[in-house]
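Structural features, examined
Single-letter residue listing:
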Amino acid sequence: MTLQNVIALDTTFAALADSTRRSILARLSGGQALTVTELAEPYDMSMPAISKHLKVLEEAGLISRSREAQSRPARLQAEPLKDVSEWLERYRRHWEESFERLDDYLKELQSDDQNS
């Protein structure tokens, strides 16, 4: 993994560390562009606070924002999530192997108990 990829992954994880930002991404996963006002509706926070969250998501490459008349709709950009998924995949395989070894051990214990 290159240094640039490591930095991008760190930036993505930092953006995903906040529950409000994860919620915003979930809302944008419907494929539609939402304005800042629409995105702010379910949250009890100021428009500047929502705008800061959007800026973090945009800097991480997780959303894109365009300009349409007076509004700045946001759209999900899922490419950085693919990098996160690939990074996590290595650990998923490790966990599965560990669980398989644990399962084998438990079967062995169960077999020993039945033979006693």
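Before reading further, recall that the structure is shown in the block above.
Report follows, based on the coordinates. Residue positions within a chain follow its written sequence, with the count starting from 1. Only residues with pLDDT of at least 70 are given local features in this predicted model, and only at 80 or more are side-chain atom pairs given and counted; all residues enter the totals for whole chains, interfaces and linings. Computation of side-chain values: all heavy atoms of the structure, hydrogens and water removed.

**Quick look at a negative patch on the surface**
A cluster of like negative charges, contributed by Glu97, Glu100, Asp104, Glu108, Asp112 and Asp113, occupies part of the molecular surface. You can see Glu100 is positioned in helix H5 (residues 79–115). Each residue's exposure class comes from its accessible area (1.4 Å probe, protein chains only) as a fraction of the maximum for that residue type: buried when under 20%, exposed when over 50%, partly exposed otherwise. Residue class for Glu100 comes out partly exposed when judged on its relative accessible area of 49%. Patch membership needs two things, relative accessible area over 30% and no salt bridge, and members are linked within 9 Å if like-charged or within 5 Å if nonpolar (Val, Leu, Ile, Met, Phe, Trp, Tyr). Each accessible area is a Shrake-Rupley estimate made with a 1.4 Å probe; only the visible protein chains count as cover when residues are assessed. Salt bridges, as used here, are contacts in which a Lys or Arg side-chain nitrogen is within 4 Å of a carboxyl oxygen on Asp or Glu. Positive: Lys, Arg. Negative: Asp, Glu. His and the chain ends are not part of the count. All charge positions are set by atom: Lys at NZ, Arg at CZ, Asp at CG, Glu at CD. Only DSSP runs of H or I with at least four residues qualify as helices, and only runs of E with at least two residues qualify as strands; both kinds are numbered from the N terminus onward.

**Observations concerning the packing of helix H1 (residues 3–16) against H5**
Describing two packed helices takes the angle between their axes plus the distance from one axis to the other. For helices, the fitted axis covers only the stretch in contact; all axes are lines through C-alpha atoms, and the angles between them, taken along N-to-C directions, range from 0 to 180 degrees. Running from N to C, H1 and H5 point in directions that differ by 100°, and their axes come no closer than 10 Å. As far as their axial angle goes, H5 and H1 are roughly perpendicular. Residue-level contacts link Leu9, Thr12, Phe13 and Leu16 of H1 to Pro80, Leu81, Asp83, Val84 and Trp87 of H5. Looking at the contact of H1 with H5, its residues break down into 7 nonpolar, 1 polar and 1 charged. Any angle from 65 to 115 degrees is called roughly perpendicular, while one under 35 is roughly parallel, one over 145 is roughly antiparallel, and all others are oblique. We call two residues in contact whenever any of their non-hydrogen atoms come within 4.5 Å of each other. Three categories are distinguished: nonpolar for Ala, Val, Leu, Ile, Met, Phe, Trp, Tyr, Cys and Pro, charged for Asp, Glu, Lys and Arg, and polar for the others, with Gly belonging to the last.

**Considerations on the nonpolar core**
By size, the foremost hydrophobic cluster in this structure holds 19 residues, and its most contacted members are Ile24, Leu28, Leu39, Leu54, Leu57, Leu62 and Ile63. Those elements that provide at least two residues to this core are H1, helix H2 (19–28), helix H3 (36–40) and helix H4 (47–59). Excluding anything up to four places from it in sequence, Leu54 contacts Ile24, Val36, Leu39, Ile63 and Arg65. Remark: nonpolar core denotes a set of buried residues (Ala, Val, Leu, Ile, Met, Phe, Trp, Tyr, Cys) joined through side-chain atoms within 4.5 Å.

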